[in-house]
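Notes for the structure review
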Amino acid sequence: MTKSAPIRVLIAEDSSTARALLTELFSSSPDFVVAGTAVNGSEAIERAIALSPDLIIMDVYMPVVDGLDATKEIMRESPTPIVMVSASVAATDVAMGLSATQAGAMILLAKPSNTKSPEFPEECRQLLSMAKAMAGVKVVRRWGGGAARVTPPSGRTAHPVRRVTMVAIGTSTGGPAALHRILIDLPPTFPVPIVVVQHMARGFIDGLAKWLSANVALKVVVAEDGQRLVAGTVYLAPDERHMGVRGDGRVALSSAAAVSAFRPSIDFLFDAYARGYDDGLVALILTGMGQDGVEGLKTVRTRGGRVIAQDERSSVVFGMAQKAVEANLVHEILPLDGIGRRLNELVDAVPR
């Protein structure tokens, strides 16, 4: 069996101490080789184009050009998986994470810094593990222009207009920014509830709910077991709990085993709400790695629900949505800035 080549990584970090630490960390792993380093964002752009690395580790705060602007330029000129790091990342710092993913980064992670901390070895292990996973993700060029023109999937008939009674959303990498972009197009009078599974690091979901609720017209909450599902409210699945629905229209949280390594699971969400709402469900599969959600979408289709996928051009990672398209489970493929408008059209449609 041929051993796979190590992942070539570019490290962009202005602090000489942190740069040396990150260089040593990645050089010490057999999975990586350090292809180069950069001391500011401008140099990171130049070296990303010249070296064509498999992965970039990018500090957020750097001179000349900061990490966010450098990420935007790299994603326009030489698309590369980028993991942004910062010493100041906390579980509540959702806004910084959103800025990173909106710029085109895969994820924002804490930078291992205190070598004397008992958590330092685990922080290093997590960074290497996440970097390895992100290096294998296909990324797309960010043109910074208008929306992509939608081409309906060939061979699919139009979905009949039915009364929409529930919207379910599944997303992963790049999801927080995608959720924000969709929800800003929905009015506070949106006539149905919205349930969401967002894969993210433990401890971030409360901050995401607060950030979204402060920046969109809808109310956004972390779901509680037994909570009644009401129109105009977005319910995010909490850490380590699957989210289903009871027969009386209330949230049903579950601590059952992970589904395909995920809890909460998008498959679990789609399957439960498809069974609860049948052809009244609209399921959205958005940006993210892997294929969580695809099995659940089979139930959505069987029960008569509608499936909408985010398109490749607007996705940070065209993974879950791509798998759904390849499985022939999708009725519509839409750019991110067209999904909210489409939801408004569907809930306003007159049922046949």
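So, a few notes on the structure that sits alongside this text. (Residues numbered from 1 in each chain as written. Predicted model: local features only at pLDDT ≥ 70, side-chain atom pairs only at ≥ 80, totals over all residues. Heavy atoms only, no water.)

**Details of the layout of surface pockets**
There is about 1,300 Å³ of room inside the largest pocket. The wall of the largest pocket is formed by 47 residues, among which Ile-107, Met-130, Met-200, Ala-201 and Arg-202 lie closest to the centre. When residues of the lining of the largest pocket are traced back to their parent elements, those giving at least two are helix H4 (94-103), strand E5 (107-110), helix H5 (120-135) and helix H6 (175-183). Among the elements that line the lining of the largest pocket, the one with the most residues is H5, at 9 residues. (1 Å grid on protein atoms, 1.4 Å probe; cavity = no way out; pocket = protein on both sides within 12 Å on 5 of 7 lines; lining within 4 Å. Points joined across faces, edges and corners; volume = space filled by probe spheres on them. Helix = DSSP H or I, 4+ residues; strand = E, 2+ residues; numbered from the N terminus.)

**Regarding H6**
Counting buried positions over the 9 residues of H6 gives 8, a clear majority of the element. Residues Gly-175, Pro-176, Ala-177, Ala-178, Leu-179, His-180, Ile-182 and Leu-183 constitute the buried set of H6. (Buried < 20%, exposed > 50% of the residue type's maximum accessible area, 1.4 Å probe, protein only.)

**A look at the side chain of Thr-233**
If you trace the backbone, Thr-233 turns up in strand E9 (residues 233-236). For Thr-233, a relative accessible area of 8% corresponds to the buried category. Residues contacting Thr-233, with those up to four places away along its chain left out, are Pro-193, Ile-194, Lys-219 and Val-221. (Contact = heavy atoms within 4.5 Å.)

**Considering the pattern of salt bridges**
Applying the stated criterion across every chain yields a total of 17 salt bridges. Ionic pairing is found between Arg-47 and Glu-43, a salt bridge with its closest N-O pair at 3.9 Å. With Arg-47 and Glu-43 both in helix H2 (residues 41-51), this residue pair falls 4 residues apart, about one helical turn. Lys-298 is the salt-bridge partner of Glu-295, the closest N and O atoms lying 2.9 Å from each other. In this pair, Glu-295 and Lys-298 both sit in helix H9 (residues 294-302), 3 residues apart, roughly one turn of the helix. According to the relative accessible area criterion, Glu-295 is partly exposed, its value standing at 48%. Salt bridges here are not isolated pairs; linked through shared partners, they connect Arg-306, Glu-332, Arg-342 and Glu-345. (Salt bridge = Lys/Arg side-chain N within 4 Å of Asp/Glu carboxyl O.)

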